[in-house]
Amino acid sequence: MNRVFSGVQPTGNLHLGNYLGAIRNWVTLQADHECIYCVVDLHAITVAQDPAELRASTREVAASLLAAGIDAKTGILFNQSQVSAHAELAWIFNCVARLGWLNRMTQFKEKAGKHRENASVGLYAYPNLMAADILTYKATHVPVGEDQKQHLELCRDIAQAFNSQYGVDCFPLTEPLIFGEATRVMSLRDGTAKMSKSDPSDYARINLTDPPDLIVKKIRRARTDPDPLPSTPDELESRPEAANLVGIFAALCSESVEAVCRRFDGAQFSTFKEKLAELAIAELTPITAEMQRLMDDPAYVESVLHDGAERARNLSEPVIREVQEVVGFLIA
Ligand code: AMP
Ligand code: TRP
């Protein structure tokens, strides 16, 4: 059986990187998979969060997912903290994963930065919780952006170590699904940095909440080099900003980077950027409008999450029960 699981953190606005790298693929997969999507609030508190803002962001991210086309009726949409299985299994995985494995995680190194001693233990153990999210549902496929690849490798290591430590075939070896032409969308200000919610410059990203005139402005101001567009993708290799914009264009119109290069061969970036802004606006405007509509009805969004949590709990309970038996907890 194929089962898809993925998660997104409720910290700040969703941006074009989240959308092209992950969420749009989540929507596509719904057509032929059982899908479980999660707003990962337990992951969010690995760095300090204001409680009121966390609640608001959880609603907002859920609204964005619904607006982008996540179907919470055939699939499941919920927030992580409401299904205790995630935290329970994460503890067991804390006892399976090795320090050496976590020490290799580049996201921890980036997020902890120079203040490693001051980082929370939760930030360090974050990938174990992520493995628990996935394996609580024995999910077989996980659609994510390129930056999560290492965490998914760790998830497989944990599943394998658990299965072999206890001599069982309990957990699947989950496959990452990283597809499309924009698996790693870069900052509009710096082609070597990832587009991220935490970039201090709002001009580095396009938020799903940005109005059309702001999208035009951000794309116009996006950094490029003085050369025109090349005829082949090879020539983009040493031009990170140009490569990023061409990749975004290709993803938005569902064409290959090669086809986009052929179409714009020799064009100036000013012309190309106008077309790119048009495409981005056409794709994002309906989502933004639907999101605003949903944000005016927080009770509805909460009812969707409530219902999703109940269904997720029902799926996770037998797995937790099985794990407790395997580990040797006395089920009293
Ligand atoms: P996060 O916002 O870190 O919770 O990420 C949610 C999803 O979006 C994950 O699958 C990430 O891999 C994906 N993602 C985040 N930033 C980017 C980016 N700049 N390019 C492509 N995918 C991204
Ligand atoms: N760590 C992911 C991110 O920051 C979010 C996440 C948490 C996730 N749990 C997950 C993604 C499980 C896929 C599956 O992007």
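Residues numbered from 1 in each chain as written. Chains lettered and ligands numbered in written order. Predicted model: local features only at pLDDT ≥ 70, side-chain atom pairs only at ≥ 80, totals over all residues. Heavy atoms only, no water.

Let's talk about the layout of surface pockets
And then number 1: Space inside the largest pocket adds up to approximately 1300 Å³.
And then number 2: Per-element accounting of the lining of the largest pocket gives the leading share, six residues, to helix 1 (residues 16–29).
And then number 3: Taken together, the residues of the lining of the largest pocket break down into 17 nonpolar, 20 polar and nine charged.
And then number 4: Approximately 330 Å³ is the volume attributed to the second largest pocket. (1 Å grid on protein atoms, 1.4 Å probe; cavity = no way out; pocket = protein on both sides within 12 Å on 5 of 7 lines; lining within 4 Å. Points joined across faces, edges and corners; volume = space filled by probe spheres on them. Helix = DSSP H or I, 4+ residues; strand = E, 2+ residues; numbered from the N terminus. Nonpolar A, V, L, I, M, F, W, Y, C, P; charged D, E, K, R; others polar.)

Regarding the domain arrangement of the protein chain
And then number 1: The domain boundaries assigned to the protein chain delineate domain 1 (3–182 + 298–327) and domain 2 (202–293).
And then number 2: Measuring from the centre of the C-alpha atoms in domain 1 to the corresponding centre in domain 2 gives 29 Å.
And then number 3: Counting from both sides, the interface comprises 14 residues of domain 1 and, opposite them, 19 residues of domain 2.
And then number 4: Between domain 1 and domain 2, the buried area comes to about 1400 Å², and carbon and sulfur atoms account for 68% of it. (Domains from an automatic or database assignment. Contact = heavy atoms within 4.5 Å. Buried area = accessible area lost by both parts, 1.4 Å probe.)

Some remarks on the site of ligand 2
And then number 1: Around ligand 2, the surrounding shell holds 13 residues, and the nearest of these are Gln9, Tyr126, Met130, Asp133 and Gln148.
And then number 2: Between ligand 2 and Gln9, the relevant distance is 3.3 Å, taken from an oxygen atom to a side-chain nitrogen or oxygen of the residue.
And then number 3: Tyr126 is positioned such that a nitrogen or oxygen atom in its side chain is 2.6 Å from a nitrogen atom of ligand 2.
And then number 4: Coverage of ligand 2 by the protein chains reaches 91% of its 370 Å² of free accessible surface.
And then number 5: With respect to the detected pockets, ligand 2 is housed in the largest pocket.
And then number 6: Only strand 1 (3–8) and helix 7 (121–135) provide two or more residues apiece to the shell around ligand 2.
And then number 7: Class assignment for the residues of the shell around ligand 2 results in seven nonpolar, five polar and one charged. (Near = heavy atom within 4 Å. Polar contact = N/O pair within 3.5 Å; in protein donor to acceptor, adjacent residues only side chain to side chain. Areas by Shrake-Rupley, 256 points an atom, 1.4 Å probe, with all protein chains shown as cover. Sits in = over half its atoms within 2 Å of the grid points.)

Focus: the side chain of Asn79
And then number 1: With respect to the helices, strands and loops of the structure, Asn79 is situated in strand 3 (residues 76–79).
And then number 2: The exposure class assigned to Asn79 is buried, which follows from its relative accessible area of 12%.
And then number 3: In this view, Asn79 contacts Cys38, Val39, Asp41, Thr58 and Leu305; residues no more than four positions away in its chain are not counted. (Buried < 20%, exposed > 50% of the residue type's maximum accessible area, 1.4 Å probe, protein only.)

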